[in-house]
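Residues per chain are reported as follows:
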Amino acid sequence: MDPSGDGVNSNAIEIQIGQGAQAGAAMATNSVDKEMQKYFGLKDGDRAVVAARLRGVESPKDFVQLVQKLKGRHGVPVGVKLAPSGWLEDDLEVLLEASVDFLVLDGGEGGTHSGPPILQDDFGLPTMAAISEADAYLKSQGVRDKISLIAAGGLRSPGDYLKAMAIGADAVYIGYAALMALSAAEAVKVLPFAPPEDLLYHKGQHQHELDVDRAANHLAHFLRSSCDEMRYGVQALGKTDVHDVNRHDLVALDPWTAQMAKVRSIVRPWLGQPGIFPEPPSFQFRHDVPPDVQ
């Protein structure tokens, strides 16, 4: 979005600082067609640029002022989407100072159409780890009930959604799962010579063959089915509300995952002899690391 906030007419404003498959890196298109020019307000010869930082935001103080400016001007909730990293707590500290209303953590499993492989494969904390850490940090600061926490990145099934909410998320974002649901009955138009995504992407060779109404209907079926399956999961746990599902309902298969998600582990490896268990290596966020090793 344009940090100036001009012309915003919405129920909420999301400031995207980064996402799982692009982190916070700058990117630019090699070519821009007429449709992109129209939507992005570009002229002939211009390239569409994803900047590495928000225009006019050079410091945490600038970001705090931006959030307050948007809230004051538009009177709607203002949130942030970012790619969680080893500096997550540092980021959260600034976001709390800015009093954001919601936070979207797009984990390392998140995908995108044009992200460089190194950013898609090697950057970002896993979604579940990031949500667990953020939930714990917000609780430690006494503000958990003031900020909506949204999980994104690599969530494909109702089971994924329910587990994400059990370890702290209030809601989930989906991307690729929705795209596949959209193309479910349409994929036969392009398979096996092109992938289903070719019907959906802006520059897909078969984009005009997509039956939008039929695709939207399939997505609606997928979303309703996902909700129904989550209800079965909640019922199987003996509960009546999806928000009552929590960490006590989860079991990990190893102690490392258990510590990360803050749940029980059903398997504990031995060291040397039965009953002697390894201590997991500690993880330090940047502000906990001594200055001489930063």
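Being a predicted model, the structure only gives us computed values, none of them experimental.

**Let's talk about the overall build of the protein chain**
Secondary structure summary: the protein chain contains nine helices and nine strands in total. Of all 294 residues assigned to the protein chain, the portion counted as buried reaches 37%. When the accessible surface of the protein chain is totalled, it reaches about 17300 Å², and 54% of it is carbon and sulfur.

**Some details on a nonpolar patch on the surface**
On the surface, V251, L253, I266 and V267 cluster together into a nonpolar patch covering about 390 Å² of accessible area. Along the polypeptide, V267 turns up in the segment after β9 (264-265). V267 sits in the partly exposed class, given a relative accessible area of 41%.

**A word on the packing of aromatic side chains**
In the structure shown here, the tally under the stated rule is zero aromatic pairs. The positively charged end of K38 is found above the aromatic ring belonging to Y39, 5.8 Å away from the centroid.

**Some words on the confidence of the model for the protein chain**
For the protein chain, per-residue confidence averages 86 on the pLDDT scale, and residues scoring 70 or more make up 88% of the total. In the predicted structure, residues 1-5 sits below a pLDDT of 50 and forms 14 contacts with residues beyond four places in sequence or in another chain.

**What to know about the nonpolar core**
Ranked by size, the top nonpolar core spans 48 residues in total, and within it I15, F63, L95, L103 and L105 carry the most contacts. Leaving out residues up to four positions away in the same chain, L95 has contacts with F63, V80, L82, V100 and L103.

**Focus on helix α2 (residues 60-74)**
One turn of the α-helix equals 3.6 residues, which is why residues spaced by three or four share an orientation. Taking 1.5 Å per residue, 15 residues should reach 21 Å; α2 reaches 21 Å between its end C-alpha atoms and fits that length. Those residues of α2 that fall on the buried side of the exposure criterion are F63, V64, L66, V67 and L70. With its buried residues spanning 160° around the axis, α2 presents them on a single face. Facing away from the buried side of α2 by over 90 degrees, the exposed positions are K61 and G72. For α2, the secondary structure elements touched by its buried residues are β1 (13-16), β4 (78-82) and α3 (88-98). Positive backbone phi, at 65°, marks G75, one or two positions downstream of α2.

**Examining the pairing of strand β6 (residues 148-152)**
On any regular strand, side chains alternate: one points to one face of the sheet, the next to the other face. When you tally the buried positions in β6, you get four out of five residues, the bulk of the element. Of the pairings in the sheet, the one linking β6 to strand β7 (residues 171-172) comprises two bridges and is parallel in character. When the bridges of β7 are listed, A151 appears paired with V172. Assessed by its sense of winding, the connection that carries the chain from β6 through helix α6 (residues 158-166) to β7 is right-handed.

**Observations regarding the packing of α6 against helix α8 (residues 212-236)**
Two elements in contact, α6 and α8, have axes separated by 9 Å at closest approach and are oriented at 55°. As the angle between them shows, α6 and α8 are arranged oblique. In terms of crossing hand, the pair formed by α6 and α8 is right-handed. Across from P158, Y161, L162 and M165 in α6, the residues of α8 making contact are F222, S226, E229, M230, G233 and V234. A breakdown of the residues in the contact of α6 with α8 according to their chemical character gives seven nonpolar, two polar and one charged.

Calculation notes
- Residues numbered from 1 in each chain as written.
- Predicted model: local features only at pLDDT ≥ 70, side-chain atom pairs only at ≥ 80, totals over all residues.
- Heavy atoms only, no water.
- Helix = DSSP H or I, 4+ residues; strand = E, 2+ residues; numbered from the N terminus.
- Buried < 20%, exposed > 50% of the residue type's maximum accessible area, 1.4 Å probe, protein only.
- Areas by Shrake-Rupley, 256 points an atom, 1.4 Å probe, with all protein chains shown as cover.
- Patch = residues over 30% accessible without salt bridge, like charges linked within 9 Å, V, L, I, M, F, W, Y side chains within 5 Å.
- Salt bridge = Lys/Arg side-chain N within 4 Å of Asp/Glu carboxyl O.
- Phe/Tyr/Trp six-rings, centres within 6.5 Å; stacked < 30°, edge-to-face > 60°.
- Lys NZ or Arg CZ within 6 Å of the ring centre and 35° of its normal.
- pLDDT = per-residue confidence, 0-100.
- Contact = heavy atoms within 4.5 Å.
- Core = buried A, V, L, I, M, F, W, Y, C linked by side-chain atoms within 4.5 Å.
- Expected span 1.5 Å × (residues − 1).
- Arc of directions from axis to C-beta.
- Pairing = 2+ DSSP bridges.
- Right-handed = clockwise from strand over helix to strand, strands pointing away.
- Axes fitted to C-alpha atoms, helices over the stretch in contact; angles between N-to-C directions.
- Parallel < 35°, antiparallel > 145°, perpendicular 65-115°, else oblique.
- Left-handed = near helix turned anticlockwise from the far one by under 90°.
- Nonpolar A, V, L, I, M, F, W, Y, C, P; charged D, E, K, R; others polar.

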